[in-house]
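If you want the building blocks of each chain, they are given just below.
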2 protein chains.
Amino acid sequence: MPAATRHDPADLLDAARGGDRVALARLLSMVERGGPRSRVAAGLAYRSGRTAYTVGLTGAPGAGKSTLTDRLIAVFLGHTGEDGHAGEDGPGGPDQAPGGGPSGDPAAASAGGTIGVLAIDPSSPFTGGAILGDRVRMQDHALDDRVFIRSMATRGQLGGLAVAVPDAARVMAAAGIPLVLIETVGVGQQEVEVASATDTTVVVVTPGWGDAIQANKAGLMEIADLFVINKADRAGTRETRRDLESMLDLTELGEWRPPIVETVASTGQGVDALWSAIGDHRRHLTERGLLEVIRRERLEREVRQVLVARIDQRYGVLRSSPPSVAVLDGLAAGELDPYEAADRLLALVASSDPDGPPVDLPGGRGR
Amino acid sequence: MPAATRHDPADLLDAARGGDRVALARLLSMVERGGPRSRVAAGLAYRSGRTAYTVGLTGAPGAGKSTLTDRLIAVFLGHTGEDGHAGEDGPGGPDQAPGGGPSGDPAAASAGGTIGVLAIDPSSPFTGGAILGDRVRMQDHALDDRVFIRSMATRGQLGGLAVAVPDAARVMAAAGIPLVLIETVGVGQQEVEVASATDTTVVVVTPGWGDAIQANKAGLMEIADLFVINKADRAGTRETRRDLESMLDLTELGEWRPPIVETVASTGQGVDALWSAIGDHRRHLTERGLLEVIRRERLEREVRQVLVARIDQRYGVLRSSPPSVAVLDGLAAGELDPYEAADRLLALVASSDPDGPPVDLPGGRGR
């Protein structure tokens, strides 16, 4: 590629579609960094009309999510034939384009046998270690042309991550990758939200885990389309299953009751069944026309995050203006409380020219 | 207290000032929940002119933060004499009021021998277990009238936590508690930010920890006023200290070089030295007039969070209006990408009546 076009999102997207992995990596770096080019890249990807089916994996620390992701990649590769299509039983294969976009595109079809992985790294300086070891192992698959693995750091604020990850998945989709696994290492609020903003959300627990935590099970019920009891060769598996079942019994469910799959990721046991269960959920969503519904809801939440990030950015521009400084002075002097100060600043932001100088995303992505 | 006033923030604050712990607990619940009453309570607390000196504790998972907090409470209690004032060497004692508020208030003085602890619980459904055990132990101190411990869940979005925790610390201050420890269990981005939005931030690491993580040390250097190597009876302590020292050598520091204190929280070893080091940092800030500077910066960041939360809330009201729905329809149809949609919604939000119906905080606190 000529040097002049190496940073042009449209050129990069063309190259990525043609199988240029470096171009795809560069696009994903753009999206991760944020800024005007990120916006162009994400906009192009959105308008490509191609979507990927997304599967989120989240779970307790040490539950084995990375190993499970590793195994799911292996199952995917085993099920993917020479024709580039995954087997009927799993979630693989090209996705329908929403909004009437092109669906039978040859590039997409030829890339039907690829899988993307977005590994969301911890958002704080404090986690790592063993996790990094898992990642290194997972990278073995990265040598396979049918696998594209990307780590993303979660340093964003104000929805930075909530915007960057769907953008990254869309860029992968636009490059012809029809299936994207989104795996979180951290279990912070942001990470869990990102993993659950997917078509199928897999919640991974381990035997005995249920004893320790009583308070937040309702939160898990809200996000899980599928439960995995990993390390199911350990004592306590039956009790954990019973615990999950009774939680499900107490939860108001729609037409889909999240199945509970037992796996031993270290040996691969049960991972085929997990793969099938993901495929079942995908078919459930597709056959009932629910996929479009949940995707629209998700998109609306995402736009709200973008909106907030842009307003925050606009305030960032306004904050050193004399009226803003006056408000902050009043706050420091104790004449205004933080809420009164925020109200005055809100009025200033709202009355600033909405068609003024372009406000670039992201408000808080990156540091 | 008569039933009619049990939910009135002003009445509750009066009662809390008089030593009514139930009233204080109720105020803190208000602040944690958010909403109009929270705003009133936080505003009253801010205007009380009383502030607390805040100490944040954050660190790697399993580093022993809860045990260390427990020990710090014990040191505080040991140093607090009958006159209700902590010893000269530590961070205890009533804080000066900012903005020229009253400082020598008798209620505050009589409560000078109390310590508040805000324990920030994990933000996701996935963590807990051992942590909860630590908490139960810490609660032993809660039987002591001079200790007020409060757990807060971190379920907020869009700055909910970043607003609720300082509000809670201010409520404690207004009730006459001059020193508040803010300890995070989780190590997500939000939790770390909250712990570092304090007057003195203590970063806790353990021997050998430095080997595992290379990438984010710069982030730790940014937030730490003080490093603790806990479990310093273990192998690798010397290497960890050397590692931290060389990181500090490479960091552009101001006048304060973060000391490194070695502790064994399980036995209490070194905790007195930690207490003194916190006191040193407090004196450093006070004597150089830096305390007011960092507090103003922090308050500005907090107001920005409040601003964003309020705008998000305003959008929440607007989103079902016909113009918003039209934008979202265009998005779903692929006529607009998420960024274009956000821009149009931004224009709608900005042109909505800023003096319209009251927009209650918080935008996203709670679920």
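Remember, predicted model here, so these are calculated numbers, not experimental data.

J.: Would you take a moment to explain unusual backbone geometry for this structure?
T.: With the exception of glycine, most residues fall at negative phi, and the peptide bonds are largely trans. All names here are of chain A. With phi around 60°, Lys231 is a residue other than glycine that occupies positive phi space. Locating Lys231 in the fold gives a position in the loop between strand 6 (226-229) and helix 11 (237-250). The exposure class assigned to Lys231 is partly exposed, which follows from its relative accessible area of 22%.

J.: I tried to follow the sheet that holds strand 3 (residues 147-152) of chain A on my own but got confused; where do I start?
T.: What links the strands of a sheet is backbone hydrogen bonding, and the strands pair in either a parallel or an antiparallel sense. Residue and element names in this part refer to chain A. Pairing is parallel in the open sheet, where 7 strands are placed in the order 3-2-4-1-5-6-7. Because the sheet does not close on itself, it has two edges, and the strands there are strand 3 and strand 7 (260-262). Averaged over all pairs of adjacent strands, the angle between their axes in this sheet comes to 20°, without regard to strand direction. Pairing of strand 5 (residues 200-205) with strand 6, which is carried by 4 bridges, proceeds in the parallel orientation. Considered in strand 6, the bridge of Val204 is made with Val228.

J.: Can you help me understand the sheet that holds strand 5 (residues 200-205) of chain B in this one?
T.: All names here are of chain B. Taken together, 7 strands build an open sheet; the order of strands is 3-2-4-1-5-6-7 and the sheet is parallel. Two strands lie at the open edges of the sheet, namely strand 3 (147-152) and strand 7 (260-262), each paired on one side alone. Each adjacent strand pair in this sheet contributes to an overall mean axis angle of 20°, direction not counted.

J.: Which parts of the structure should I look at to understand the packing of helix 1 (residues 9-17) of chain B against helix 3 (residues 36-47) of chain B?
T.: The packing of two helices is summarised by the inter-axis angle and the distance between the axes. Residues and elements named next belong to chain B. One way to put it is that helix 1 packs onto helix 3 with a least axis distance of 9 Å and a crossing angle of 45°. Classed by the angle they form, the pair helix 1 and helix 3 counts as oblique. When the axes of helix 1 and helix 3 are compared, the crossing they make is right-handed. Residue-level inspection shows Pro9, Ala10 and Leu13 of helix 1 in contact with helix 3, the latter providing Arg37, Val40, Ala41, Leu44 and Ala45. For the contact of helix 1 with helix 3, the class distribution of residues is 7 nonpolar, no polar and 1 charged.

J.: When you look at helix 11 (residues 237-250) of chain B in this model, what are you seeing that I'm missing?
T.: Given 3.6 residues per turn, any residue in an α-helix points the same way as the ones three and four places further on. All names here are of chain B. Over its 14 residues, helix 11 extends 20 Å from the first C-alpha to the last, a length consistent with the 20 Å expected when each residue adds 1.5 Å. Looking only at helix 11, the buried set comprises Thr237, Thr240, Leu244, Met247 and Leu248. Seen along its axis, helix 11 keeps its buried residues to an arc of 100°; they face one direction. Exposed residues on helix 11 whose side chains face more than 90 degrees from its buried face are Arg238, Arg242, Asp249 and Leu250. Of the surrounding secondary structure, the elements contacted by the buried residues of helix 11 are strand 5, helix 10 (217-223), strand 6 (226-229) and strand 7.

J.: Would you mind going over the pattern of salt bridges with me for this structure?
T.: For side chains bearing opposite charge, pairing can occur when the charged atoms are close. Residue and element names in this part refer to chain A. According to the stated counting rule, one finds 34 salt bridges over all chains in the structure shown. Residue Arg288 is joined to Glu255 by a salt bridge in which the shortest nitrogen-to-oxygen separation is 2.4 Å. Of the two residues, Arg288 sits in the loop between helix 12 (271-287) and helix 13 (290-318) while Glu255 sits in the loop between helix 11 and strand 7, which places them 33 residues apart along the sequence. Judged by its relative accessible area of 63%, Glu255 falls in the exposed class. Each of Arg241, Glu245, Asp249, Arg257 and Glu262 takes part in salt bridges that share partners, so that together they form one network.

J.: Would you mind going over the side chain of Thr114 of chain B with me for this structure?
T.: Residues and elements named next belong to chain B. Positionally, Thr114 belongs in the loop between helix 5 (106-110) and strand 2 (115-120). Under the relative-accessibility criterion, Thr114 is labelled buried at 14%. Discounting chain neighbours no more than four positions away, the residues touching Thr114 are Phe76, Asp145, Arg146, Gly176, Ile177, Pro178 and Leu179.

J.: Please explain helix 14 (residues 322-332) of chain A as it appears in this structure.
T.: Taken together, the buried positions of helix 14 of chain A are Ser324, Val327, Leu328, Gly330 and Leu331 of chain A. Take helix 14 of chain A and look down its axis: the buried residues cluster within an arc of 155°, on one side only. Elements that come into contact with the buried residues of helix 14 of chain A comprise helix 13 and helix 15 (338-351) of chain A together with helix 3 and helix 13 (290-318) of chain B. With its phi angle positive at about 80°, Gly334 of chain A sits one or two positions after the end of helix 14 of chain A.

J.: Mind showing me how you'd approach the confidence of the model for chain A here?
T.: Residues and elements named next belong to chain A. Overall, the predicted model of chain A reaches an average pLDDT of 79, with 74% of residues at or above 70. Within chain A, helix 5 (residues 106-110) has the poorest average pLDDT of any element, 37, and strand 7 the best, 98. pLDDT under 50 marks residues 81-86. Its contacts with residues more than four places away, or in other chains, come to 12 contacts. Contacts from residues 96-111, a stretch scored under 50 in pLDDT, to residues over four places away or in other chains number 23 contacts. We note a pTM of 0.72 for the whole complex and an ipTM of 0.74 for its interfaces.

J.: Sorry, what's going on with the packing of helix 14 of chain A against helix 13 of chain B here?
T.: Two elements in contact, helix 14 of chain A and helix 13 of chain B, have axes separated by 10 Å at closest approach and are oriented at 120°. When the interaxial angle is binned, helix 14 of chain A and helix 13 of chain B end up oblique. Between helix 14 of chain A and helix 13 of chain B the crossing geometry is right-handed. Mapping the contact onto sequence places Val325, Leu328, Asp329, Leu331 and Ala332 of chain A in helix 14 of chain A and Arg296, Leu299, Glu300 and Val303 of chain B in helix 13 of chain B. Residue classes in the contact of helix 14 of chain A with helix 13 of chain B are distributed as 6 nonpolar, no polar and 3 charged.

About the thresholds
Residues numbered from 1 in each chain as written. Chains lettered and ligands numbered in written order. Predicted model: local features only at pLDDT ≥ 70, side-chain atom pairs only at ≥ 80, totals over all residues. Heavy atoms only, no water. Helix = DSSP H or I, 4+ residues; strand = E, 2+ residues; numbered from the N terminus. Buried < 20%, exposed > 50% of the residue type's maximum accessible area, 1.4 Å probe, protein only. Pairing = 2+ DSSP bridges. Axes fitted to C-alpha atoms, helices over the stretch in contact; angles between N-to-C directions. Parallel < 35°, antiparallel > 145°, perpendicular 65-115°, else oblique. Left-handed = near helix turned anticlockwise from the far one by under 90°. Contact = heavy atoms within 4.5 Å. Nonpolar A, V, L, I, M, F, W, Y, C, P; charged D, E, K, R; others polar. Expected span 1.5 Å × (residues − 1). Arc of directions from axis to C-beta. Salt bridge = Lys/Arg side-chain N within 4 Å of Asp/Glu carboxyl O. pLDDT = per-residue confidence, 0-100.

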